[in-house]
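Notes for the structure review
The residues making up each chain are set out below.
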Amino acid sequence: MKIKSGILFKLLAWYFLACLIFYATILILFAQIKHLARTTENIVNRNYLISTSSKAMVDALWSMAENQKKFELLKTEEYRKYFEEGLKQYEDGLYNILWLSAPNNGKNPWEALSKEFQAQFESGKDKDAYAHANPPWITDEMVTQWAAEIQKARAANEQQIEEMVRSLNTRGRRADELGVVGVLASLVIGLLGIIVFSFGMVRPLRELRRGIKSLSSSGITAPIRIHSSDEFGELAGAFNDMAARLTEEERMRSDFISMLSHEIRTPLTSIRESVNLICEEVMGGINEKQRRFLLIASRELERITLLLNHLMQISRLEAGAVEIHPRVIDLEEFVEGAISRLVPAAEAKGIAIRSEVSGGVSEFTCDPENLQQVLLNLLGNAIKFSPEGSEIIVSVRQEKSVKTPLLVFAVIDKGPGIPDSEQTLVFNKYYRASGVRDQVDGVGLGLSISKYIVEAHGGEIGLRSKPGEGSTFSFTLPLYGERSNNGV
């Protein structure tokens, strides 16, 4: 069974790795401390006792030699007794050392001293025969030889103590270094885990946020990248499936609307022409009541025709079938031409339209037919939503940019404004603000068409608005340079 590398599994794996390093460091430090304690115990309980016992043996030797000489001179039994006490002290120290000592390179110098001692003082079954005999029981040469051998063995023991102390210091330093390295490794593993998991979580979330923003702003999105097979990867895959399904549904809906608009347009044209012919009394005379109803039908037919034209235009723009044919035109004439076409609608509501064209630019390059539609759409929306007796300003100014100068068109109104939550959606197809859906006619295609046309010119369209303070719709165009001749 394949184990799924989910987020929980990765967190647990990283946690156990950090714990493994930490507790392995603790175990190694415990073993080092145990070894140090054992070595210290050996120094205290063995080597130190050997050193003190060997010193006592040397003192006992010199005491035996001194008491032997005094006995030879004075023949006093007291000195014999002192000699025996020294001998006993020497013997006890020797056997204590033999019990504590270990061979040095396979040899134990204390065993040689023991053999020499036994050969000198243990004769036959009477272990204390020397006590009833006359001196010398021990010669000066033996004292000197044994003292030298004891000093040599003692020096070897002290050297061993020094080596063990040095080993203790070395192991102590290594234990300190190992502890520091282990703790640092645990911290680094923990920090690295935080960084890796944070990056692993932030990156797919950033991709998902980008996809959601693209989907909410334009209604379409490219598939987001899938970086892992965990829950975030599944979420990214589900989002890609949803986006693909929405894209496919949007394509099918656009195709259907385009097909339906095309099929309806022909009979609608026939109906409109028939109504016009009847109104013009080509088919015979009509009365005023009939003319009034025919004019109402003609206006409704014009409205439906305009809607179908918008639907077909948005379909062509989405498919990239509309070409942009730029040419140099007069800026003021372009702005005034758009305003003049909407003056009657503005005057019907008592709205004034004022233009503010900054100096310095008299001509610019664009496709006037398509771009004027953008300005007409923005002006038409401003008139539609502005209160009676207000003013609309059409502003055109030049703006510096890093790459190329920009020409900024802005339509400023005093309407109800648009909430922040809806400002990213107004350029989507069929979207209408929640506050005006039941108050104003339209299907929400004008701004979407405008967005496609502006982007086809190499520009950008945007919005600044606050509820209750009006709205400013603006679009920018490169003032110089090439324009796209291939549509969107």
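We now turn to the structure provided with this report.

What counts, and where the lines are drawn
- Residues numbered from 1 in each chain as written.
- Predicted model: local features only at pLDDT ≥ 70, side-chain atom pairs only at ≥ 80, totals over all residues.
- Heavy atoms only, no water.
- Buried < 20%, exposed > 50% of the residue type's maximum accessible area, 1.4 Å probe, protein only.
- Helix = DSSP H or I, 4+ residues; strand = E, 2+ residues; numbered from the N terminus.
- Phe/Tyr/Trp six-rings, centres within 6.5 Å; stacked < 30°, edge-to-face > 60°.
- Pairing = 2+ DSSP bridges.
- Axes fitted to C-alpha atoms, helices over the stretch in contact; angles between N-to-C directions.
- Contact = heavy atoms within 4.5 Å.
- Salt bridge = Lys/Arg side-chain N within 4 Å of Asp/Glu carboxyl O.
- Left-handed = near helix turned anticlockwise from the far one by under 90°.
- Nonpolar A, V, L, I, M, F, W, Y, C, P; charged D, E, K, R; others polar.
- Patch = residues over 30% accessible without salt bridge, like charges linked within 9 Å, V, L, I, M, F, W, Y side chains within 5 Å.
- Areas by Shrake-Rupley, 256 points an atom, 1.4 Å probe, with all protein chains shown as cover.
- Lys, Arg positive; Asp, Glu negative; His and termini not counted.
- Charge placed at Lys NZ, Arg CZ, Asp CG, Glu CD.

The next subject is helix α9 (residues 446-456). Burial within α9 is extensive, with nine of its 11 residues counted as buried. Positive phi appears at G458, one or two residues downstream of α9, with a value of about 85°.

Under the criterion given, the structure shown has six aromatic pairs. With a centroid separation of 5.7 Å and 75° between ring planes, the pair formed by F334 and F364 is classed as edge-to-face. Taken together, the positions of F334 in helix α7 (residues 331-348) and F364 in strand β3 (residues 363-366) put the pair 30 residues apart, joining distant regions of the chain. On the basis of relative accessibility, which here comes to 4%, the residue F334 falls in the buried class. Centroid distance F364 to F409: 5.7 Å. Interplanar angle 50°. Geometry classified as tilted. Pair noted here: F364 is in strand β3 and F409 is in strand β5 (residues 406-412), with a separation of 45 residues, a long-range link. F409 carries the same exposure label as F364, and that label is buried.

Another aspect to go through is the sheet that holds strand β6 (residues 460-465). Strand order in the open sheet made by the five strands is β2-β4-β5-β7-β6, with mixed pairing throughout. Edge positions in the open sheet fall to β2 (352-357) and β6, since each of these has one partner strand only. Pairs of neighbouring strands in the sheet enclose a mean axial angle of 15°, with direction left out of account. Where β5 lies against strand β7 (residues 471-478), seven bridges are found, and the strand directions are antiparallel. From the neighbouring strand, I412 faces β7, where its bridge partner is T472. Those strands touched by α7 are β2, β4 (391-399) and β5, and its axis lies near 170° from that of β2.

We now examine the pattern of salt bridges. On inspection of all chains with the given rule, the structure shows 10 salt bridges. Across the salt bridge formed by E66 and K70, the nearest N and O atoms sit 3.2 Å from each other. A residue pair is termed a helical-turn pair when its members lie 3 or 4 positions apart in one helix, as E66 and K70 do in helix α1 (residues 7-74) at four residues. Residue K70 is classed as partly exposed on the basis of its relative accessible area, which comes to 31%. Between E369 and R327 there is a salt bridge, with its nearest N and O atoms 3.5 Å apart. Placement of the pair is E369 in helix α8 (residues 368-385) and R327 in strand β1 (residues 327-330), with a sequence separation of 42 residues. Residues joined by salt bridges that share partners form a network here, namely R354, E356 and E391.

Another aspect to go through is the packing of helix α2 (residues 77-100) against helix α3 (residues 109-121). Where α2 contacts α3, the axes come no closer than 10 Å and their chain directions differ by 145°. Relative to α3, the crossing made by α2 is left-handed. Only W110, E111, L113, S114, F117, Q118 and F121 of α3 make contact with α2, whose side of the interface consists of F83, L87, Y90, E91, L94, Y95, I97 and L98. Of the residues belonging to the contact of α2 with α3, the class tally is 11 nonpolar, two polar and two charged.

Running from N to C, α7 and α8 cross one another at 35°; their axes reach a closest spacing of 10 Å. In this structure, α7 crosses over α8, and the sense of that crossing is right-handed. Across the interface between the two elements, F334, V335, G337, A338, I339, R341, L342, A345 and A346 from α7 touch P368, L371, Q372, L375, L376, L379, G380 and I383 from α8. Residue classes in the contact of α7 with α8 are distributed as 13 nonpolar, three polar and one charged.

Attention now goes to a negative patch on the surface. Together, D330, E332, E333, E336 and E363 make up a negatively charged patch on the protein surface. Counting residues per element, the negative patch draws most heavily on α7, at three residues. Residue position: E333 is located in helix α7.

Keep in mind these values describe shape, not function.
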